[in-house]
Every structure is written in structure tokens, then in C-alpha cells.
Number of protein chains: 2
Amino acid sequence: AVVAAPVFAQSNPKISWKMTSTYGPSTPALYNTAQTFCKMIEEASDGNFSIRLYPVGEIVPGFGVMDAVGNRTVECGQTASYYYYGKDPSFCFDTAVPFGLNARQMYSWMYEGDGLKLTRELFAPRHIVNFPLGNTGTQMGGWYRKEIKSVADLQGLKMRTAGFAGEVLSRMGVVPQQIPPGDIYPSLEKGTLDAVEFVGPVDDEKLGFQKVAKYYYYPGWWEGSAQVSLYVNDEALNSLPKSYQSLVEIASRAAGGQMLGSYDANNPAALRRLIGAGAVLKAFPRDVMDASFKASNELFKEFSDKNAMFKKIHDNYMGFRDSLVPWFRVAEGSYDNYLGIALANQKK
Amino acid sequence: AVVAAPVFAQSNPKISWKMTSTYGPSTPALYNTAQTFCKMIEEASDGNFSIRLYPVGEIVPGFGVMDAVGNRTVECGQTASYYYYGKDPSFCFDTAVPFGLNARQMYSWMYEGDGLKLTRELFAPRHIVNFPLGNTGTQMGGWYRKEIKSVADLQGLKMRTAGFAGEVLSRMGVVPQQIPPGDIYPSLEKGTLDAVEFVGPVDDEKLGFQKVAKYYYYPGWWEGSAQVSLYVNDEALNSLPKSYQSLVEIASRAAGGQMLGSYDANNPAALRRLIGAGAVLKAFPRDVMDASFKASNELFKEFSDKNAMFKKIHDNYMGFRDSLVPWFRVAEGSYDNYLGIALANQKK
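Remember, it's a predicted structure, so these values are computed and weren't measured experimentally. (Residues numbered from 1 in each chain as written. Chains lettered and ligands numbered in written order. Predicted model: local features only at pLDDT ≥ 70, side-chain atom pairs only at ≥ 80, totals over all residues. Heavy atoms only, no water.)

Enquirer: Help me understand the packing of helix H11 (residues 308-347) of chain A against helix H11 (residues 308-347) of chain B in this model?
Expert: Any two packed helices are characterised by the angle at which their axes cross and by the distance between the axes. Contact geometry for H11(A) and H11(B): axes closest at 8 Å, N-to-C directions at 140 degrees. Relative to H11(B), the element H11(A) lies oblique. Note on packing geometry: the crossing formed by H11(A) with H11(B) is left-handed. Here H11(A) contributes Arg321(A), Asp322(A), Val325(A), Arg329(A), Asn337(A), Leu339(A), Gly340(A), Ile341(A), Leu343(A), Ala344(A) and Gln346(A) to the contact with H11(B), which in turn contributes Arg321(B), Asp322(B), Val325(B), Arg329(B), Asn337(B), Leu339(B), Gly340(B), Ile341(B), Leu343(B), Ala344(B) and Gln346(B). Residues belonging to the contact of H11(A) with H11(B) are distributed by class as follows: ten nonpolar, six polar and six charged. (Axes fitted to C-alpha atoms, helices over the stretch in contact; angles between N-to-C directions. Helix = DSSP H or I, 4+ residues; strand = E, 2+ residues; numbered from the N terminus. Parallel < 35°, antiparallel > 145°, perpendicular 65-115°, else oblique. Left-handed = near helix turned anticlockwise from the far one by under 90°. Contact = heavy atoms within 4.5 Å. Nonpolar A, V, L, I, M, F, W, Y, C, P; charged D, E, K, R; others polar.)

What follows is the structure in C-alpha cells.
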């Protein structure tokens, strides 16, 4: 029901779009953001621009969002670009890479740095215009049946993980497994899986991992933040009146902010409940972090050597990171660290 | 030019508003956000809802925004609520209080916690509906002519600061001074002022403090983050069609995100230039932080004892803080700290 732009005499024409998602009601923290986005568009256009949202699988499979939007099966979709690592690892820069930007830094790179420009260049040949649509914040490092005391304990570990992180972990001895969420719990229970990384307390809690893999490690160094994306078909976007194009941009920013705010508000209580249910919280040992950092940097170099677009985005992204991280340690980091300690001491 | 709601036959009526600001072109990082907000509204309404922005002093003085919006001299305004500390210290919870929420936590409290509900209750008798309109992130602790080695060095220190922070600092021996930005530099030069706190690298750089007060301290514990606000006159807001009301909300969220992203992107280079120009970066000594934390808590208690609304907001805000801070230390904090150290080591 999309009509070419010149037809519009009035400025608020009736337009109906379809939106598909990689997520559904079983991961509400992610899926709700797409619902919020559609609601914002609908309300601000007085119901004239409406987007009907379909959960994962209803019209498009979970990892089919990129193709479905590219070929205009649907006008737009919600997904995370690192699921398309197999097509091109460069897509990971639109979501997360190991030891990458935290949520605020990512937002800043996308809109105030070159992030949006560079990732749009990457998406253009696929007829997709990408917009940030939220972030989970720093994820957890996953659930383990046994304690990880050093890098040696990673040898032969059968772990549910994928993409970039899977590749890095495999170089440290882990055997990555691709397993759909519904099959993870039984695999852990049977012992055919030793570990699993999913998201963080809010999403992990629903799956009950703490009953069979009680060690809950942090931080998820492969997802210092994970950005979720809105994909819009390029022709569909261009055929919108300018006011609706603008609405897509501001609603994606507004709904995206809401996702992070919601994770931040709900993770603390979810973590407390998990600990109450038996989860044992552990920091990754320093040698695991160091080995992961080293292996990640080696992989970045390999991809950069053989993929010019990867190198172009990588260099810009890492330049931004290397500039922002030292500043974040000064004011933000010293403030957060002091307050964390002061409140912990007050409790004693 | 605002007409009562029932008159609208069409859904995108022509409406023109005036907006005043506490800021102006001399603090672009803050003022630009108001410009962005107006531009978003204008574009998304196809020019039908336009808001004309006036910089500080043009029609309303800097700290007159609350009254001007309340009595509908203008329909809306950009300001920071802690400037109205003198009317009621409770307003500070809409901006910053010592040892309060960082930027992400503040956003989360406002929208996902009870922040918006409670602050709107506070503003309602003044005929104002408040919306968050950005955040500066953690501010710096200011510029000092002499090193601060312990709490003793704060005795008799003439420091430009105000509001809540001024009250806490005065209990630690500081003599707070209220001085307009233009007079700060000459006062420091003449020695009638020993120290000044303003914002952070981006805004401080323009004023040249490093030439006369080279010690640049962090963190600004009185502003772990500072939220900027949009005030809208209640009747003006209620007379808008629902679609424009919705637009005000999503544009304030979107423009607000842009402010923080811009500070995050530009502070690192500003700090490097300041250091290049002679600034000496220093962390506040632990005993200064501890004494500040203690004095702040005493002041919170005093205000809570005599102001029921202060107590109501305080207890909710601090409950949210005490729940979120330990979680932020786990994934976010451990990730940020590791990456900061790893990158610093890599440089060596």
C-alpha cells in the first residue's frame, strides 16, 4: 500500500507498512521496542502512517530479516546485524564486536561519529537503510557447569555461542555450538553442552540455566554492548513523504533509548532473583580476559587483511573507541567506581 | 496562536509556539539540543507545528524559564531544574544531586522508574509539564589554582559553584560564590576566586581556565550526570492535538539522546587540547570524596526532615540508585575497567 511520493497532495497520507522481527513475545525486552516504535509512528501521524508488526516466524524466519527487507517482502524489520556474520563479518560493527564500544559510545559513534554513514554504505547494496533501534548494554559472559579458573578450563568446552565470539572462542579451545534457544536447557541438562551465553539477567532468567549451570560469568567481553537495528527497504523509505521519513528517524531514536532504559531498570532485580535461585556470580579470570583480547585483535587483523570494507569500518570504529575509552575512565569511570564502593561500604 | 483542541477538523493544524532557553550560542552543546528538538518537530509535522527558539536573555532571563513557562509568556522552555534550588531543593532531582544517578541510570529512572511521575507531581502546581531533554554525562570537579591534597585544602577556598553542591561544599569549609560565566576568568586571574566548577572539557575549554587554575579535578561528584529539561506549559500542551503531544514526547527523547552522544563524542578531544594547553588532570583524594559523600547524606537527611515532597522523591531516587549501582559494577563496570586498562597497556 505504498504510493510514490509525488502523488501526495496532503502532507499526512494514509500509508500501511509491514514489519517483521527476529524476536517475539518470548524475549519481550527486545520485541517490545519494535512495538513501541510502531506505536510512536502511529500516534505522531494521527494514525495515518501505520506499521503492522509480525513476531519471529509469522511471515519471515528469525534470520531472514535482511533478505525480506532487501527484497521488500516487508517494508521494514527489527533484527541485530551480527546474525548476518556469515554473509559478511563487517555487519558485526552494527551490533557488537569483541572489546568494542559500550552502549553510550556506540550511540555516539553511530550518530556523532561516522558509524551511521559507514554502516549505511555497507547496507546500501542490499537495498537496506539501517537505523539504530536500541541496545542491551553490556551482556553477561554466560552460564558454565564448571568453574573457569584459567584459559586451560576453556579447552574442549562445548559452548552455545555464535558468530564473531564463536570464532574467537574456538581459537582459545572452546567448541562453539549453534543451538536454538528452546534446545539449550535440555542440552545443558544432558551434559551435551557445558556452557551457554545468551544475553543478561532479564532474558537469561526465563530459561532457567542456573539450575544446571550455576556459574554466571561477567563481563560478556564479546558484547560490551549490543545494538539492535531497524532495517528499512530503501525504495519504501524514499517513497515516504519527508515528514514520515523524519518520523522514522526520531521514533527509532526514541524507542531505542527506551530499550536500554528498560534493561537498566530490570536487570538488577532479575540478577538478585537469579542469585537467590542458586546462580554463583564470577568474574572471568584476568588471563581469560587477556587471551580473549589478544585472540580478538588477531581476528580483527585477519579480517581486515582480506576484506577492505571490514578494514575501513574497523579502523574508524576502533579509532573512536581508543579516543573515548580513556575519557570515560576519567569522569564516568571514577564516579561510578567511587559510588559503587561507597554504597557497598555503607551496607556493611 | 494556540487554539483549543476541539476546533481541529484536520489532524495537522498550523500551530506556532515560542521556546525560551537558559542557554545560548556560547554553550552550543546545550543550546543545539533545543534547536534539534524544534527542527524535529517542524520536520515531522511537515512544517505545521513550528516552535521558534529564543536564546537566553532575548525575551526571558536565564533563570526565568520556570516562571515564563508557568505563566505562559512562552509555551515551552529549555533549562535545568537545579537552577531553581532556591524555590525548592526538590527540583534538583530533575537534574542532579550529589552522588546521584549517572546518565543511563537517570534516563532509566525517569522513564522506566518513577522519575517522570514524581517530578511531574512536583511541577504540576507551577503549570509545567517536564520532559527530559538530554544529559551532559558525568561532569568534571572543576579548576583549582592550588593542588587539593586533602579536605584541609578546601578550608576557605573561594569557589564558583551554586545550589546543592555549594551547600555541601560550604559544610566542608569552601566559600561558594555565585558568579556569571563572563566574570569567572578575571576573578580567577585577580585571585579573588581560587576555584571554579563549570561543566566538562567541551564547555570549559571555551573559557580558558587552564591558564590561571591549572589543576583540573575529577569526578564532579555533585553531577554524576546532569539532566537538561524541557518545560511545557500545561494548558498549551493539553490544547495540542494528540499527535502533536506525542511528537513533543518522542522529539524530546530523540533530541535528548543526541545531547549525550555529542558530549561523549567531543569531550575526549577537548580534554586532550586542554592538557596540551597546560591543564593538570587530578583525581580528588579519597578523603575529599568520603567527606563529600558524608556531608551530602547529612544534607539529604535535613531536607527530608523538613520537606515531605523532597523526602518522597529522595527515597524513590536513592532506592533506584542503590538497586542499579551494584548491577552496573558487574557487567558494565568490569567491562569498562578491563578495556580501559587493556588499551592503556597496549599503548605502552
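From this point, the narrative continues.
Enquirer: Would you mind going over the interface of chain A and chain B with me for this structure?
Expert: A common way to express how large an interface is: the accessible area buried when the components associate. Of the residues lining the interface, 74 residues belong to chain A; the matching set on chain B comes to 74 residues. Between chain A and chain B, a total of about 6,400 Å² is buried, with carbon and sulfur atoms accounting for 63% of that surface. Three residues, Trp327(A), Tyr335(A) and Tyr338(A), lead the burial of chain A against chain B; their summed loss comes to 13% of the area buried on that side. Counting across the chain A and chain B interface gives 23 residue pairs in polar contact (both at pLDDT 80 or more). Of all the secondary structure elements, the ones that give two or more residues to the side of chain A that touches chain B are helix H1 (28-44), helix H3 (103-111), helix H9 (242-276), helix H10 (286-306) and H11 of chain A. (Buried area = accessible area lost by both parts, 1.4 Å probe. Polar contact = N/O pair within 3.5 Å; in protein donor to acceptor, adjacent residues only side chain to side chain.)

Enquirer: What am I meant to see in the relation of the copies chain A and chain B here?
Expert: One copy of the chain maps onto the other through a rotation about an axis plus a displacement along that axis. Under the fitted operation, chain A is carried onto chain B by 0.0 Å of movement along the axis and a turn of 180 degrees, and the coordinates agree to an RMSD of 0.0 Å. Here the copies are linked by what is in effect a two-fold axis. No C-alpha of chain A approaches the rotation axis more nearly than that of Ala254(A), which lies at 2.4 Å. Looking at the interface residues of chain A, 100% of them are also at the interface in chain B, so both copies use one shared face. (Least-squares fit on C-alpha atoms with pLDDT ≥ 70 in both.)

Enquirer: Hey, could you run me through the nonpolar core in this one?
Expert: Inside soluble globular proteins, nonpolar side chains tend to come together where they are buried. One finds Phe37(A) and Phe37(B) to be the most contacted residues of the largest nonpolar core, which totals 243 residues. Those residues within four positions of Phe37(B) in sequence are excluded, and the remaining contacts are Met19(B), Ile51(B), Leu133(B), Leu230(B), Val248(B), Ala251(B), Ser252(B) and Ala255(B). (Core = buried A, V, L, I, M, F, W, Y, C linked by side-chain atoms within 4.5 Å. Buried < 20%, exposed > 50% of the residue type's maximum accessible area, 1.4 Å probe, protein only.)

Enquirer: I'm lost on H10(A) in this one. Help?
Expert: Taking 1.5 Å of rise per residue, the 21 residues of H10(A) would be expected to cover 30 Å, and the 31 Å separating its terminal C-alpha atoms lies within 8% of that figure. All of the buried residues in H10(A) are Val288(A), Met289(A), Ser292(A), Phe293(A), Ala295(A), Ser296(A), Leu299(A), Phe300(A), Phe303(A) and Ser304(A). Buried positions along H10(A) lie against helix H5 (163-170) and H11 of chain A together with H11 of chain B. (Expected span 1.5 Å × (residues − 1).)

Enquirer: How should I be thinking about the confidence of the model for chain A in this particular structure?
Expert: Predicted coordinates in regions of low pLDDT should not be interpreted in detail. Considering every residue of chain A, the mean pLDDT works out to 94; 97% of them sit at 70 or more. Long-range and interchain partners of residues 1-9 of chain A, a stretch whose pLDDT sits below 50, account for 17 contacts in this model, where long-range means more than four residues apart. (pLDDT = per-residue confidence, 0-100.)

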